[in-house]
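What the coordinates show
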Amino acid sequence: ASAITWAGFFFLLAVASLIVLAFVYYFLPETKGHSLEDMSVYFAEITGDRSLLDAEARIVREREAAIHAQATAPRFEPIKARDIPREQLPDATVSGTMA
């Protein structure tokens, strides 16, 4: 249980943190000022994996098709009581009393 002292433990954590810091600084790109789409393209280019870009393109096509279908669909207006001839309206008289 006493294989390492507290000072040694914290020194080990400091060394691990410095290694991680060096990795992040040298191997991960700066993303400030770049959009998510730009970063997707960047990572697709460096890895050669276009599956995410293809999925994004498919989603955009499906959304555009849905918007176009909605814009070209016939619009049905609900029938309003004022548009129905009076003789075709149901009888709206109240029968009985509220006593």
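Residues numbered from 1 in each chain as written. Predicted model: local features only at pLDDT ≥ 70, side-chain atom pairs only at ≥ 80, totals over all residues. Heavy atoms only, no water.

**Brief notes about the overall build of the protein chain**
In plain terms, the rule: A run of H or I in DSSP counts as a helix once it spans at least four residues, and a run of E counts as a strand once it spans at least two, with each numbered from the N terminus. Throughout this description, buried means an accessible area under 20% of the type-specific maximum (1.4 Å probe, protein chains only), exposed means over 50%, and partly exposed covers the range between. Per-residue and other accessible areas follow the Shrake-Rupley method at a 1.4 Å probe size, with only the shown protein chains counted as cover for residues.
In terms of helices and strands, the protein chain carries three helices and zero strands. In the protein chain, the succession of α and β elements from N to C terminus is α-α-α. For the protein chain, buried positions account for 4% of its 99 residues. Split by element, the accessible area of the protein chain, about 9700 Å² in all, is 64% carbon and sulfur.

**Re the packing of aromatic side chains**
Note the cut-off: Centres within 6.5 Å are what make two rings of Phe, Tyr or Trp a pair, Trp counting through its six-membered ring; a difference in plane orientation under 30 degrees is then read as stacked, over 60 as edge-to-face, and the rest as tilted.
Enumeration over the complete set of coordinates arrives at six aromatic pairs. Measuring from centroid to centroid gives 5.3 Å for phenylalanine 23 and phenylalanine 27, while their planes differ by 35°, and the two rings are tilted. Here phenylalanine 27 and phenylalanine 23 lie together in helix α1 (residues 6-27), a separation of four residues that amounts to about one turn. Classification of phenylalanine 27 by relative accessible area gives exposed; the value is 61%. Aromatic rings pair up to connect Trp6, Phe9 and Phe10 into one cluster.

**Some words on the pattern of salt bridges**
Cut-off, in case you're wondering: By definition, a salt bridge exists where a carboxyl oxygen of Asp or Glu is found within 4 Å of a side-chain nitrogen of Lys or Arg.
This structure, assessed with the given rule, holds one salt bridge. Taking the shortest distance from any N to any O, the salt bridge between glutamate 62 and arginine 58 comes out at 3.3 Å. With glutamate 62 and arginine 58 both in helix α3 (residues 51-72) and four residues apart, the pair spans about one turn of that helix. Glutamate 62 gets classed as partly exposed once you look at its relative accessible area, which sits at 45%. For arginine 58, a relative accessible area of 40% translates into the label partly exposed.

**Digging into the confidence of the model for the protein chain**
As a note on interpretation, predicted positions should not be read in detail where pLDDT is low. For clarity, the cut-off: Each residue carries a pLDDT score, the predictor's confidence in it, ranging from 0 to 100.
Per-residue pLDDT for the protein chain has a mean of 84; in total, 87% of the residues score no lower than 70. Taken element by element, the protein chain is modelled with least confidence in helix α2 (residues 36-47), mean pLDDT 88, and with most confidence in α1, mean pLDDT 96.

**Describing the side chain of serine 40**
Operational definition: Whenever two N or O atoms come within 3.5 Å, that pair is a polar contact, provided that in protein one can donate a hydrogen and the other can accept it, and provided that, for residues adjacent in sequence, both atoms are side-chain atoms. We call two residues in contact whenever any of their non-hydrogen atoms come within 4.5 Å of each other.
Examined against the element boundaries, serine 40 turns out to sit in helix α2. Here serine 40 falls in the buried class, since its relative accessible area comes to 12%. One polar contact links serine 40 to glutamate 56, side chain to side chain, over a distance of 3.5 Å. Every residue in contact with serine 40, bar those within four places of it in the chain, is listed here: Leu52, Leu53 and Glu56.

**A word on the packing of α2 against α3**
Packed helices, taken two at a time, are described by the angle their axes make and the gap between the axes. Filter applied, for reference: Angles shown run from 0 to 180 degrees and are taken between the N-to-C directions of axes, each axis being a line fitted to C-alpha atoms and, for helices, limited to the stretch in contact. Angles below 35 degrees are treated as roughly parallel, those above 145 as roughly antiparallel, those between 65 and 115 as roughly perpendicular, and all remaining angles as oblique. Charged residues are taken to be Asp, Glu, Lys and Arg, nonpolar residues to be Ala, Val, Leu, Ile, Met, Phe, Trp, Tyr, Cys and Pro, and polar residues to be all remaining types, Gly included.
One can describe the packing of α2 onto α3 by two numbers: an axis separation of 9 Å at closest approach and a directional angle of 140°. Classified by the angle their axes make, α2 and α3 are oblique. Within the contact between the two elements, α2 uses Ser40, Val41 and Ala44 and α3 uses Leu52, Leu53 and Glu56. Among the residues forming the contact of α2 with α3, the class breakdown is four nonpolar, one polar and one charged.

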